[in-house]
Amino acid sequence: MRGMSAANGKALEGAAHVAQSIADILTTPVGTRVMRRDYGSLLPELIDQPITPAVLTRIYGAIAGALMRWEPRLRITRIALASGSAHGAFTVHLDGHRTDVPLASEYTRLSLPLIFR
């Protein structure tokens, strides 16, 4: 699939386009898109919660649920989180298989720095 970079308007495709789409899905709060109220993830609601085992489980669930619903080009096999340097920033590490390429068995690893403001 080919699209446009949100940063500079240039053409974007492949893993870079998938990564941009995933970042958009995860940072968009559910209910904020006018014509698609169920688009996004519950992750923005969980970011300011104290990190307890229960909240961490909800964060992983919010990531997996949103990506299973809104990003059919990636079949996730592993999610890992790393804290960022700023408040509200962290990196999501995703492993999985791309479903939009001929070699669907090709393993994909994406690292997405996310900042919630």
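In every chain, residue numbers begin from 1 and rise along the written sequence. Restriction of local features to residues with pLDDT of at least 70 applies here, the model being predicted, together with a cutoff of 80 or more for giving and counting side-chain atom pairs; totals for whole chains, interfaces and linings are based on all residues. No hydrogens and no water enter the side-chain calculation; it runs on all heavy atoms of the structure.

The name given to the chain in an unreviewed UniProt entry is Baseplate assembly protein, and the organism recorded there is Pseudoxanthomonas taiwanensis.

A.B. asks: Is there a simple way to explain helix H3 (residues 53-70) in this structure?
C.D. replies: Helical periodicity: at 3.6 residues per turn, an α-helix aligns residues three or four positions apart in one direction. Secondary structure elements follow DSSP: runs of H or I no shorter than four residues count as helices, runs of E no shorter than two count as strands, and numbering proceeds from the N terminus. By this rule the span expected of a helix is its residue count minus one, scaled by 1.5 Å. For H3, built from 18 residues, the straight-helix expectation of 26 Å at 1.5 Å per residue is met to within 8% by its first-to-last C-alpha distance of 26 Å. When a residue's accessible area, from a 1.4 Å probe over protein chains only, is under 20% of the maximum for its type it is buried; when over 50% it is exposed; and in between it is partly exposed. For H3, the set of buried residues is Val55, Ile59, Ala62, Ile63, Ala66, Leu67 and Trp70. Viewed along the axis of H3, the buried residues span an arc of 110 degrees, placing them on a single side of the element. For H3, the exposed residues set more than 90 degrees away from the buried face come down to Pro53, Ala54, Thr57, Met68 and Arg69. The arc under discussion is defined with respect to the helix axis, by the directions toward the C-beta atoms.

A.B. asks: Can you walk me through helix H1 (residues 15-27) in this structure?
C.D. replies: Taking 1.5 Å as the rise per residue, H1 with 13 residues should run 18 Å; its terminal C-alpha atoms sit 18 Å apart, in good agreement. For H1, every residue scored as buried is listed here: His17, Val18, Ala19, Ser21, Ile22, Ile25 and Leu26.

A.B. asks: How should I be thinking about the nonpolar core in this particular structure?
C.D. replies: Taken as a class, soluble globular proteins show a tendency for nonpolar side chains to be buried jointly. In plain words, nonpolar cores are sets of buried Ala, Val, Leu, Ile, Met, Phe, Trp, Tyr and Cys residues tied together by side-chain atoms within 4.5 Å. The biggest cluster of nonpolar side chains holds 24 residues, and the ones touching the most others in it are Ile22, Leu26, Leu43, Ile63, Val92 and Leu94. The set of elements that each furnish at least two residues to this core consists of H1, helix H2 (43-46), H3, strand E3 (74-83), strand E4 (89-98) and strand E5 (107-115). With seven residues, H3 is the single largest residue contributor to this core. Note on contacts: a residue pair qualifies if any of its non-hydrogen atoms lie within 4.5 Å across the two residues. Setting aside chain neighbours within four positions, we find Leu94 in contact with Ile22, Ile63, Leu67, Leu74, Arg78, Ile79, Thr108, Arg109, Leu110 and Leu112.

A.B. asks: Is there a simple way to think about the sheet that holds E5 in this case?
C.D. replies: If DSSP finds at least two bridges between two strands, the strands pair. Ordered by their spatial adjacency, three strands build an open sheet running E3-E4-E5, and the pairing between neighbours is antiparallel. Strand pairing shows two members of the sheet lacking a second neighbour, E3 and E5, which therefore form its edges. Between one strand axis and the next, the sheet turns through 20 degrees on average, direction left out of account. For E4 and E5, the ladder comprises nine bridges, and the chain directions are antiparallel. Within E5, the position partnered with His93 by the bridge is Ser111. A fitted line through C-alpha atoms represents every axis, and for helices the fit uses only the stretch in contact; the resulting angles, taken between N-to-C directions, go from 0 to 180 degrees. The strands touched by H1 within the sheet are E3, E4 and E5, with E5 carrying the most contacts at an inclination of about 45 degrees. Contacting E3 and E4, H3 crosses the sheet at an angle of about 145 degrees to E3.

A.B. asks: Help me understand the environment of Glu45, please; the structure alone is not making it clear to me.
C.D. replies: With respect to the secondary-structure elements, Glu45 resides in helix H2. For Glu45, a relative accessible area of 53% translates into the label exposed. With 66 residues separating them in the primary sequence, Glu45 and Ser111 have C-alpha atoms 21 Å apart.

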